[in-house]
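One-letter residues, chain by chain:
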Amino acid sequence: MNFISTRGGERATGAQAVVKGIAGDGGLFVPEFFPTVSAEEIGEMCAMDYPERAAFLLSKYFDEYDREELLEACREAYSRFVGGDPIPLVRMDEGVYLLELFHGPTCAFKDVALTVMPYLLKKGCEISGVKENVLVVAATSGDTGKAALEGFKNHDGVKICAFYPEDGVSKMQKLQMVTTEGDNVFVAAVKGNFDDCQTAVKKIMNSPECRAEIAGKGYLLSSANSINVGRLLPQIAYYFSAYCDLLTSNQLKMGQRVDFAVPTGNFGNILSAYYAKRMGLPVGTLVCASNRNCVLTDFFKNGSYNIKRPLFRTMSPSMDILVSSNVERFIFEISGRDAALTAARMKSLSETGKYSVRAEELKEMRSFIYAGCTNEADTVECIYDFFMDYGYPMDTHTGVAMSVAHKYAEEIADDKDAEKRPMVVVSTASPYKFPQDVLYALTGNDVKDSYKGVKRIHLLTAMKVPEALKEIRYKPPRFKDVVSPDAIYDEILKFIS
Ligand SMILES: *Cc1c(COP(=O)(O)O)cnc(C)c1O
């Protein structure tokens, strides 16, 4: 399978696309076509465990990788998840499910892809004959950074650095990152918000001069953000897996459609759901849930993507984003794969802060995506209600998705023609990753200390505290630098010199 750039021209194999991270023309790599998964194959996947399901789907894209080895890598990756099933689907109520993606090493959904990605990257180098070391740079709104650091730490031939917005991550997220071990890692805080951070990193990725200078030091530059297909494609598997779990537990018949609600930031997670749909998974509506930063909600309402607005800091910091990278891949598809048009729109976005899609494109987008946003008070209420009703503590991002899923349910409740479908809410983080805000939602109490929050949530809910979060408590912080976005490049050069 080959990959092409959303901005035209460039072509790459799967291995090359993972290694490069981003196309030379500034576009994002997308598969040349969507491989299909038949009902029969979905049936076969029902008999598989999670690593087998993941390897089965990945091999449709990464067909130059050895299948056995791919399966081995998935087995190894998901053996690092806690509990019997790495990606459990939990039934909450009639037709309401939570898909728990947070049982990996860093307690957020980024682990699902970032535990497999080091294999995809290193093998990708081997397949495409890359001899240099690889330098992985991640801009993070909190969770990608730690997941990438954990995934790549102590790997030979790879160096990994993560940049996070100084005031844009939870205390626990920050503590996770700055205590990372390994001698091939670097972490720094960046003055500004996540968009500043991501834009600066993308600029380096897109600069031939920077790439050349880094190459001069013996490194090939790559990305661990969801602009990299190595991040995106492993995420498709859990949508299929959830469907299989519904089938095998007799809660669904083959071919019946399922809705998914996804807490959205960079649009990577929900784009994977869209890819799953394109591959043949019976998906009804995708609920694109945003917090107060409702760029996407507006985009799906009026067809205009407009980042000329303030970015709010919320209790779901991994969703505090204005420039959602993967929307580029989505509008590429919606435009009928018009690369010139996509390039023009991205140019407009970076120059004027906005672009619009045509009326018929908007209609198409809205035919299967419901985009909605919620505010902090409604999210808090939703987390509280959910705990009262089901004894289940959701994290703040999942709370956003649940809150918007409720809005969607209310909107279609009056529509007699609407098909009644199961709703799977995608749960992206452990509540213990955002202990202060979750405790506040559950009890109305503010605590200053993250671990006091952890302890109280545990007393209240009896939910097990992940070892990964317990053990960083007494680890010394290793990385204390705070740099301006302009200084990121210098830090990178220093790190590899
Ligand atoms: C990254 C993240 C999101 C947003 O996912 P995208 O793929 O960026 O849309 C939501 N919730 C949590 C906990 C995250 O870490």
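Scroll up a little and you will see the structure.
Now for a quick tour of the structure. Bear in mind that the values here come from a model prediction, so they are computed numbers and not experimental data. (Residues numbered from 1 in each chain as written. Predicted model: local features only at pLDDT ≥ 70, side-chain atom pairs only at ≥ 80, totals over all residues. Heavy atoms only, no water.)

Overview of the overall build of the protein
Quick note on the threshold: What counts as a helix is a DSSP run of H or I of at least four residues, what counts as a strand is a run of E of at least two, and both are numbered from the N terminus. Each radius of gyration is computed over the set of C-alpha atoms, and the globule rule expresses the reference value as 2.2 Å times the number of residues to the power 0.38. Here, two residues are considered to be in contact whenever any of their heavy atoms come within 4.5 Å of each other. Each accessible area value is a Shrake-Rupley result obtained with a 1.4 Å probe; residue values ignore everything except the protein chains displayed when judging cover. Charge counting follows a simple rule: Lys and Arg are positive, Asp and Glu are negative, and His as well as the terminal groups are ignored. Charged side chains are reduced to one point each, which is NZ for Lys, CZ for Arg, CG for Asp and CD for Glu.
Tallying secondary structure elements over the protein gives 23 helices and 16 strands in all. Taking 2.2 N^0.38 as the reference for a compact globule, 497 residues should give roughly 23 Å; the C-alpha atoms of the protein span a radius of gyration of 21 Å, in line with that estimate. For the C-alpha atoms alone, the extent of the protein along its principal axes is close to 60 × 50 × 50 Å. Expressed as a percentage of contacts within the protein between residues at least 6 apart in sequence, the contacts between residues at least 24 apart total 75%. For the protein, the accessible surface area stands at approximately 18,700 Å², while carbon and sulfur atoms represent 50% of it. When the 57 positive and 65 negative side-chain charges of the protein are each reduced to one mean point, those points stand 3 Å apart.

A closer look at the packing of aromatic side chains
Under the convention used in this document: Aromatic rings from Phe, Tyr and Trp, with only the six-membered ring used for Trp, were paired whenever their centres fell within 6.5 Å, and each pair was classed as stacked if the ring planes differed by under 30 degrees, edge-to-face if by over 60, and tilted otherwise. Accessible area is worked out with a 1.4 Å probe on protein chains only. A residue is then buried under 20% of its type maximum, exposed over 50%, and partly exposed in between.
Inspection of the entire model under this criterion finds 25 aromatic pairs. Judged by centre distance (6.0 Å) and plane angle (85°), the ring pair of phenylalanine 186 and phenylalanine 479 falls under edge-to-face. With phenylalanine 186 in strand 8 (residues 185-190) and phenylalanine 479 in the loop between helix 22 (467-470) and strand 16 (482-483), the pair connects residues that are 293 residues apart, well separated along the chain. Like phenylalanine 479, phenylalanine 186 is buried. Members of the aromatic cluster, connected to one another through ring pairs, are Phe34, Phe267, Tyr274, Tyr275, Phe299, Phe300, Tyr305, Phe330, Tyr355 and Phe368.

So, the side chain of aspartate 320
Rule in force here: Salt bridges are identified by distance alone: a Lys or Arg side-chain nitrogen within 4 Å of an Asp or Glu carboxyl oxygen. We define a polar contact as two N or O atoms separated by no more than 3.5 Å, with the added condition that, inside protein, one atom must be a possible hydrogen donor and the other a possible acceptor, whereas residues neighbouring each other in sequence contribute only through side-chain atom pairs.
By secondary structure assignment, the location of aspartate 320 is in the loop between strand 12 (304-306) and helix 15 (327-334). The side chain of aspartate 320 sits in the buried core without any salt bridge; arginine 313 is the nearest counter-charge, 4.4 Å away. A polar contact is formed between the side chain of aspartate 320 and the side chain of asparagine 293, at a distance of 3.0 Å. In terms of polar contacts, aspartate 320 uses its side chain to reach the side chain of threonine 314, at 2.8 Å.

Topic: the site of the ligand
Threshold: Throughout, near means a residue has at least one heavy atom within 4 Å of the molecule or strand. Charged residues are taken to be Asp, Glu, Lys and Arg, nonpolar residues to be Ala, Val, Leu, Ile, Met, Phe, Trp, Tyr, Cys and Pro, and polar residues to be all remaining types, Gly included.
Taken together, 15 residues sit near the ligand, with Lys110, Asp143, Gly265, Asn266 and Asn269 positioned nearest. At 2.6 Å from an oxygen atom of the ligand is found a side-chain nitrogen or oxygen belonging to lysine 110. Separating an oxygen atom of the ligand from a backbone N or O atom of asparagine 269 is a distance of 2.9 Å. In isolation the ligand offers 380 Å² of accessible surface; the protein chains occlude 98% of this area. Of the residues belonging to the shell around the ligand, the class tally is 5 nonpolar, 8 polar and 2 charged.

Some details on unusual backbone geometry
The phi dihedral of arginine 337 falls on the positive side, at around 60°, and the residue is not glycine. Overall, the relative accessible area of 25% leaves arginine 337 in the partly exposed class. At alanine 462, a position not held by glycine, the phi torsion is positive, near 65°. Looking at where alanine 462 falls in the secondary structure, it is placed in the loop between helix 21 (450-461) and helix 22.

Points about a positive patch on the surface
Formally: Here the term patch refers to residues with relative accessible area over 30% and no salt bridge, with like charges joined within 9 Å and nonpolar side chains (Val, Leu, Ile, Met, Phe, Trp, Tyr) within 5 Å.
The grouping of Lys452, Lys455, Arg456 and Arg473 at the surface amounts to a positive patch. Its location among the elements puts arginine 456 in helix 21.

What to know about the pairing of strand 1 (residues 2-5)
What counts, and what does not: By the convention used here, strands pair only if DSSP detects at least 2 bridges between them.
In terms of strand pairing, strand 1 meets strand 2 (residues 11-13) through 3 bridges, oriented antiparallel. In the sheet register, phenylalanine 3 faces strand 2, and the bridge partner there is alanine 12. Where strand 1 meets strand 3 (residues 29-31), 3 bridges bridge the pair, whose relative direction is antiparallel. Each residue of the ladder has a partner; that of isoleucine 4, found in strand 3, is valine 30.

Observations regarding helix 2 (residues 39-46)
Let me state the cut-off plainly: Our arc is simply the arc of the directions from the helix axis toward the C-beta atoms.
Within the sequence span of helix 2, burial applies to Glu41, Ile42, Met45 and Cys46. End-on, the buried residues of helix 2 take up no more than an arc of 155°, which puts them together on one face. Buried residues in helix 2 make contact with helix 3 (50-61) and helix 12 (236-248).

Overview of the pattern of salt bridges
Under the counting rule described, the total for this entry stands at 27 salt bridges. When the shortest N-O distance is used, the salt bridge between glutamate 333 and arginine 278 registers 3.4 Å. Placement of the pair is glutamate 333 in helix 15 and arginine 278 in helix 13 (residues 268-279), with a sequence separation of 55 residues. Taken together, the shared-partner salt bridges in this structure form one network comprising Arg257, Asp259, Glu419 and Arg421.

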